[in-house]
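Listed below, chain by chain, are the residues.
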Amino acid sequence: VVILFPTMIFTGLAYALSGVLQSYGEFNIPAAISLVSNGIMVVYLLVVKDKLGIEGVAFAMLVGWGFQVIIQIPSLVKKKYRYRPVLDLRSEGIRKSAKLALPILISSWVQPINTMININLASGLNGGMAVAALDYANKLYIIFVGVLTYAISNLIFPSISRMAASGREEDKQEFNQVVMKAVRVVMMIILPVMVLFLLLRVPIVQFVYERGEFDATSTALTSQALLFYSLGMLGFAVQEILNKAFYSMQDGKTPMYIAMGGIAVNIVISLLLVKLVGTGLEGLAFAASVASTLIASALLFMVQRRRRVLNKDFWVNLLKLFACAAVMGVSVYFVRTCFSFEPSAVGKLLNLILPALVGLVVYLLMAVLLRVEEIVMLPAMLKRKK
C-alpha cells in the first residue's frame, strides 16, 4: 500500500493531461499511455519474474503509472501548453466543474456498483465459486467492450463539447450528427463482438483462463456468466457514448438519475432471480445486462427528446446491422460445430480463431452487401482530428 500510494497522484495527473491533449486535438498519445504502463509490467514480469516478490511488482506498477505522465509532457510542450497555478474558486470554469463532478461520479459508478452487488449475492452460490466466475467473466467483458467504447467516446468528446458550447445553429446540427454517428459506429463494432462472446464463450474462457487450478468446472461457470453479461454489451457501449453527450451539454444530472434507476433495477431483478426463482449466477449476470440496456434506452430517449437526433436512417441502419450480426452468428455456429479441435494449447486457439475469423469476414461482407453506412463512416471518424 505504501509503495502504490503515489499512483493516485500519477493517475489524476495522467488523465488530466490526457484531457488537455485531447482538447488540443491530440489523441494518439493519450491512447498510448496504457500501452506504456502495461509494457513496463510485461517486461518486469518477463525479466525479473518473482525474484523481488510483491514489493517488486508494486514498484513496477508505480513506475508504469509515472511514465503515463512523463510520455505526455513532450506533446504538451509541442502544443505550447503552459501550466499556471491559479486558485480562483469564483471562476466560472471551477463552478461548472464542481457542479458536474458529483453527478458524473455517480454515473460512472453504475458498472462497479452492479458488479459489487452481483458478487455479494453470489457469495452463497456454487460453494462460493460463483464469485470468482462472475469476476473473471466481468473482466473479459470490460476489457473488450470498455476499451473499444472508451476509445470512440474519448475521440468525440472534445469536439462535441466545443459544439455544445458554441450556441450556433450549425454547431447544434453537427453535434447531433457526430453523436449519432458515434452511436452507430459503436453499435457496428460491438455487435460482432457480442455475437462472438455469445457463441464462443467457452473457447474464449478456455483460451484466456483454463490452466493450473482453473479447470473445466471453472470454465463452465465463467462461460455461463459471460453468456449473460454479453447480452448487455450493446447497452454498455451506447450508455458510454450518450453519457459523454450529456456531459458535453453541461448536464450531469440526467445520466445520474438514470444511472441510479439502473442500479435499483439491477438490485430488484438480482434479488428476484436469485432469492425467489433460484437461477444462480446466471440471474445476476442477466440482471446487470438488463440494467445496462435500460440505462442506454433511457439515455437514448432523453437525448432524442432534447435534440431530435434519431431519424429513419438510424433505424434502417440498425436493422441492417442486426441482419449482418444474425448471418454472422449462423456462420460462427456452423464453423464451431463442424470444426472442433482437442483442447490443447493449439487446439484452444484454433477453436477460437477459426470461427471468429470466418464470422467477422461474413459480417463485413454482409455490411458491404447491405450498404451499411458505418463501413464508410468509421475510417472518416478515425481520421477526424477536430
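Refer to the structure printed above.
Here we summarise the structure given alongside this text.

### Focus: the nonpolar core
Item 1. Grouped together as the largest cluster of nonpolar side chains are 81 residues, with contacts concentrated most on L134, M180, V183, M187, M233, L242 and Y363.
Item 2. By residue number, the principal contributor to this core is helix α8 (residues 169–199), which donates 19 residues.
Item 3. Among all residues touching V183, those that are not within four sequence positions of it are V238, I241, L242 and F314.
Item 4. Grouped together as the second largest cluster of nonpolar side chains are six residues, A14, L17, V20 and V69 included.

### Section: the environment of G66
Item 1. On the secondary structure map, G66 appears in helix α3 (residues 53–70).
Item 2. Residue classification places G66 among the buried positions, given a relative accessible area of 10%.

### Overview of the packing of helix α14 (residues 312–338) against helix α15 (residues 345–369)
Item 1. Orientation of α14 relative to α15, taken along the N-to-C sense of each, is 150°, at an axis distance of 8 Å. Taken together, the axes of α14 and α15 lie roughly antiparallel to each other. Crossing of α14 over α15 shows right-handed handedness. Across the interface between the two elements, L321, C324, A325, V327, M328, S331, V332, V335 and R336 of α14 pack against N351, L354, P355, V358, G359, L360, V362, Y363, M366 and A367 of α15.
Item 2. Broken down by class, the residue content of the contact of α14 with α15 amounts to 15 nonpolar, three polar and one charged.

### Focus: the pattern of salt bridges
Item 1. Per the counting criterion, the structure on display carries four salt bridges.
Item 2. A salt bridge links E240 to K244; the nearest nitrogen and oxygen atoms lie 3.2 Å apart. Of the two residues, E240 and K244 both sit in helix α11 (residues 233–248), four residues apart, roughly one turn of that helix. For the pair formed by E240 and K244, the shared burial category is buried.

About the cut-offs
Residues numbered from 1 in each chain as written. Predicted model: local features only at pLDDT ≥ 70, side-chain atom pairs only at ≥ 80, totals over all residues. Heavy atoms only, no water. Core = buried A, V, L, I, M, F, W, Y, C linked by side-chain atoms within 4.5 Å. Buried < 20%, exposed > 50% of the residue type's maximum accessible area, 1.4 Å probe, protein only. Helix = DSSP H or I, 4+ residues; strand = E, 2+ residues; numbered from the N terminus. Contact = heavy atoms within 4.5 Å. Axes fitted to C-alpha atoms, helices over the stretch in contact; angles between N-to-C directions. Parallel < 35°, antiparallel > 145°, perpendicular 65-115°, else oblique. Left-handed = near helix turned anticlockwise from the far one by under 90°. Nonpolar A, V, L, I, M, F, W, Y, C, P; charged D, E, K, R; others polar. Salt bridge = Lys/Arg side-chain N within 4 Å of Asp/Glu carboxyl O.

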